[in-house]
Amino acid sequence: MKIYRFLSEDDTSAFCHKVSEALSKGWELHGSPTYAFDNANGVMRCGQAVTKEIDTPYTPDMKLGAQ
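Residues numbered from 1 in each chain as written. Predicted model: local features only at pLDDT ≥ 70, side-chain atom pairs only at ≥ 80, totals over all residues. Heavy atoms only, no water.

A word on the overall build of the chain
And step 1. Secondary structure summary: the chain contains 1 helix and 3 strands in total.
And step 2. Looking at the chain as a whole, 25% of its 67 residues qualify as buried.
And step 3. The contacts of the chain with a sequence gap of at least 6 include a subset with a gap of at least 24, amounting to 56%.
And step 4. Split by element, the accessible area of the chain, about 4,600 Å² in all, is 54% carbon and sulfur.
And step 5. One way to put it: in the chain the 7 positive side-chain charges average out to a point 3 Å from where the 9 negative ones average out. (Helix = DSSP H or I, 4+ residues; strand = E, 2+ residues; numbered from the N terminus. Buried < 20%, exposed > 50% of the residue type's maximum accessible area, 1.4 Å probe, protein only. Contact = heavy atoms within 4.5 Å. Areas by Shrake-Rupley, 256 points an atom, 1.4 Å probe, with all protein chains shown as cover. Lys, Arg positive; Asp, Glu negative; His and termini not counted. Charge placed at Lys NZ, Arg CZ, Asp CG, Glu CD.)

With respect to the pattern of salt bridges
And step 1. Applying the stated rule across the entire model yields 3 salt bridges.
And step 2. In this structure, Asp10 and Arg45 form a salt bridge, with 2.8 Å as the shortest nitrogen-oxygen distance. Of this pair, Asp10 sits in strand S1 (residues 2-10) while Arg45 sits in strand S3 (residues 43-53), and the two are 35 residues apart along the sequence.
And step 3. Residue Lys25 is joined to Glu21 by a salt bridge in which the shortest nitrogen-to-oxygen separation is 3.2 Å.
And step 4. Classification of Glu21 by relative accessible area gives partly exposed; the value is 43%. (Salt bridge = Lys/Arg side-chain N within 4 Å of Asp/Glu carboxyl O.)

A word on helix H1 (residues 13-24)
An α-helical turn contains 3.6 residues, so any two residues separated by three or four positions project in the same direction.
And step 1. The first and last C-alpha atoms of H1 sit 16 Å apart over 12 residues, in line with the 16 Å expected at 1.5 Å per residue.
And step 2. Three or more residues of H1 are buried, namely Phe15, Val19 and Ala22. Along the axis of H1, the buried positions cluster into a sector of 60 degrees, meaning they face one direction only. Turned more than 90 degrees off the buried face of H1, the exposed positions are His17 and Ser24.
And step 3. Just downstream of H1 lies Gly26, where phi reads positive at about 95 degrees. (Expected span 1.5 Å × (residues − 1). Arc of directions from axis to C-beta.)

Brief notes about the sheet that holds strand S2 (residues 28-38)
And step 1. Pairing is antiparallel in the open sheet, where 3 strands are placed in the order S1-S3-S2. Two strands bound the open sheet, and with one partner strand each, they are S1 and S2. Looking at each pair of strands side by side, their axes are set apart by 15 degrees on average, direction ignored.
And step 2. Pairing geometry for S2 and S3, over 8 bridges, is antiparallel. Paired with Ala36 across the bridge in S3 is Arg45. (Pairing = 2+ DSSP bridges. Axes fitted to C-alpha atoms, helices over the stretch in contact; angles between N-to-C directions.)

Structure below.
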């Protein structure tokens, strides 16, 4: 079973740390990162999709980050 997450954060080192933590837990990059201006908050934001193979069946109430 493959699960999917989309990580996003302001364009700071916090985003890199969030992605690095996911990779260290077995998540894999899926596609290219995104980068856009968040007009409401006046900051640049980054995003990256990640996927992971798991042994348990998916349920909508599972906490994806805990997998």
